[in-house]
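Overview (structure and organization)
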Amino acid sequence: MYCKNCGEAMNDNQAICLKCGVKTGQGTAFCSNCGNALPENAAVCLNCGVAVKGAEGDLAGKDKVTIALICFFLGGLGIHNFLMGETKKGVVKIVASFCFGLGSILALIDFVKILMDKYVVDPDKLF
Ligand SMILES: [Zn+2]
Ligand SMILES: [Zn+2]
């Protein structure tokens with residue numbers, strides 16, 4: 001595992017990076033899997049192919065108010081997920097909306113997490 005803030009190699013059980021002091025999992029500058037430097041707002045590491053998870057409350061560089069509003073009004077269609085590079089979550093919401101009408105419930109959960117800065121951008125997750 002590598003520090004996502006400075007790219008330093010870390011043990012899996014380390015809570016903070018000993019080089020930069022940032023909490024494990026915080027930061028988006030480096031791949032946590034291979035330590036490769038990432039382009040800004042990259043959804044996938046170009047070196048190892050692993051999906052890049054955002055830090056809590058980090059909305060892939062998007063504005064919180066904008067994403068919250070889009071999530072509230074268009075969330076059932078997963079528009080906010082697509083904007084943040086989360087294609088899988090977006091597709092799941094569309095399917096859930098058309099099949100069971102559940103997309104807006106999933107969107108509401110996202111909406112609350114976004115407002116509370118608890119939302120984690122993860123292109124690998126389905127919801
Ligand atoms: Zn570090
Ligand atoms: Zn990588």
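To start, this report covers the structure provided alongside it.

About the cut-offs
Residues numbered from 1 in each chain as written. Chains lettered and ligands numbered in written order. Predicted model: local features only at pLDDT ≥ 70, side-chain atom pairs only at ≥ 80, totals over all residues. Heavy atoms only, no water. Helix = DSSP H or I, 4+ residues; strand = E, 2+ residues; numbered from the N terminus. Rg over C-alpha atoms; globule rule 2.2 N^0.38 Å. Buried < 20%, exposed > 50% of the residue type's maximum accessible area, 1.4 Å probe, protein only. Contact = heavy atoms within 4.5 Å. Areas by Shrake-Rupley, 256 points an atom, 1.4 Å probe, with all protein chains shown as cover. Lys, Arg positive; Asp, Glu negative; His and termini not counted. Charge placed at Lys NZ, Arg CZ, Asp CG, Glu CD. Donors = N, O, S within 2.8 Å, 3.2 Å for Na, K, Ca; no water. Tetrahedral: all angles 85-135°; square planar, octahedral: opposite > 155°, others 65-115°. Core = buried A, V, L, I, M, F, W, Y, C linked by side-chain atoms within 4.5 Å.

This part covers the overall build of the chain. Broken down by element type, the chain carries 4 helices and 0 strands. The order of helices and strands in the chain, counted from the N terminus, is α-α-α-α. For a compact globule of 127 residues, the expected C-alpha radius of gyration is about 14 Å, and the chain comes in at 15 Å, within 12% of that figure. When the backbone C-alpha atoms are referred to their principal axes, the chain occupies close to 45 × 25 × 25 Å. The burial tally for the chain puts 33% of its 127 residues in the buried class. Once local pairs closer than 6 in sequence are excluded, the contacts in the chain between residues at least 24 apart make up 47%. When the accessible surface of the chain is summed, it comes to about 7300 Å², and 62% of that surface belongs to carbon and sulfur atoms. Taken together, the 12 basic and 11 acidic charged side chains of the chain have centroids lying 3 Å from each other.

Right, let's talk about the environment of C34 for a bit. Within the secondary structure layout, C34 lies in the segment before α1 (64–74). For the pair C34 and C3, spaced 31 residues apart in sequence, the C-alpha to C-alpha distance is 9.7 Å.

Turning our attention to the coordination of the zinc ion (ligand 2). Surrounding the zinc ion (ligand 2) are the protein donor atoms C31 (SG), C34 (SG), C45 (SG) and C48 (SG), at 2.2 to 2.3 Å. Note that the zinc ion (ligand 2) binds 4 donor atoms; their angles at the metal cover 106 to 117°, and the shape is tetrahedral. Between consecutive donors of the zinc ion (ligand 2), the numbers of intervening residues give the motif C-x2-C-x10-C-x2-C. Of this pair, C34 sits in the segment before α1 while C48 sits in the segment before α1; the two residues are 14 residues apart in sequence, bridging distant segments of the chain. Owing to a relative accessible area of 21%, C34 belongs among the partly exposed residues under this scheme.

As a further point, take the side chain of D110. Mapped onto the elements, D110 comes out in helix α4 (residues 103–115). Since its relative accessible area comes to 7%, D110 is described here as buried. Apart from residues lying up to four places away in sequence, D110 is in contact with C71, H80, N81, K93 and Y119.

Take the nonpolar core next. As a rule of thumb, soluble globular proteins bury nonpolar side chains together. Ranked by size, the top nonpolar core spans 11 residues in total: L59, A60, I67, A68, C71, M84, A107, F111, I114, Y119 and V121. Going through the elements one at a time, α1 and α4 are the ones with two or more residues in this core. Other than its neighbours up to four places away in sequence, A60 contacts N41, M84 and V121.

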